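# Structural characterization, general
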Amino acid sequence: MPAKVPHLDHEAQLTDLRTQLATVAMVRRTDCLDACERANVIVIQPSAEGRKAGGRPVWLGQVNDPGAAVDITAWVKNGGPGLADPPDILDLYTFQPSRRVRHELED
């Protein structure tokens, strides 16, 4: 199966995120988030503390640039949703999934 984003080393991106966030967050891979047209998609879930502070999952699409992964990593290390404001540049990647997808993930 060809990579969804041919110029991106998907395994290296996953490994780097796992390495950089090992002490603060769990990084999981999933087969499908039903947003293939926005590959690579990363969903940042708030921590328990972040959720208590009002944080909600943040969906980021087209995360195909190493700089974006660096910005995401820094944000999560600073607390992530509910605890730290994301870098402004991440506004370029943020999107809302369909209600059906959100509902499926909340169950």
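Conventions and cut-offs
Residues numbered from 1 in each chain as written. Predicted model: local features only at pLDDT ≥ 70, side-chain atom pairs only at ≥ 80, totals over all residues. Heavy atoms only, no water. Helix = DSSP H or I, 4+ residues; strand = E, 2+ residues; numbered from the N terminus. Buried < 20%, exposed > 50% of the residue type's maximum accessible area, 1.4 Å probe, protein only. Expected span 1.5 Å × (residues − 1). Arc of directions from axis to C-beta. Polar contact = N/O pair within 3.5 Å; in protein donor to acceptor, adjacent residues only side chain to side chain. Axes fitted to C-alpha atoms, helices over the stretch in contact; angles between N-to-C directions. Parallel < 35°, antiparallel > 145°, perpendicular 65-115°, else oblique. Left-handed = near helix turned anticlockwise from the far one by under 90°. Contact = heavy atoms within 4.5 Å. Nonpolar A, V, L, I, M, F, W, Y, C, P; charged D, E, K, R; others polar.

### Describing unusual backbone geometry
Each neighbour pair has its own omega, and for Ala39 with Asn40 the value is -10°, a cis peptide bond. Its place among the elements puts Asn40 in the loop between α1 (10-21) and β1 (42-44). Even without being glycine, Asp34 reaches a positive phi, approximately 60°. With respect to the secondary-structure elements, Asp34 resides in the loop between α1 and β1. Phi at Gln62 takes a positive value of approximately 55°, unusual for a residue other than glycine. Within the secondary structure, Gln62 sits in the loop between β2 (58-60) and α3 (66-77). Accessibility expressed as a relative area gives 44% for Gln62, which makes it partly exposed.

### Some details on α3
In a regular helix each residue adds 1.5 Å, so twelve residues correspond to 16 Å; α3 covers 17 Å between its end C-alpha atoms and thus fits that length. Looking at α3, one finds that the buried residues are Ala68, Ala69, Ile72, Thr73, Trp75 and Val76. In an axial view of α3, the angular spread of the buried residues amounts to 165°, which keeps them on one side of the axis. Turned more than 90 degrees from where α3 packs its buried face, Pro66 and Val70 sit exposed. With a side-chain oxygen positioned 2.6 Å from the backbone nitrogen of Gly67, the residue opening α3 is Asp65. Just downstream of α3 lies Gly79, where phi reads positive at about 130°.

### Some remarks on the packing of α1 against α3
Between α1 and α3, whose axes approach to 10 Å, the crossing angle comes to 25°. As judged from the angle between their axes, α1 and α3 are roughly parallel. The interaxial crossing formed by α1 with α3 has right-handed handedness. Together, Leu17, Gln20 and Leu21 of α1 and Ala69, Thr73, Val76 and Lys77 of α3 make up the contact between the two elements. Split into classes, the residues belonging to the contact of α1 with α3 amount to four nonpolar, two polar and one charged.

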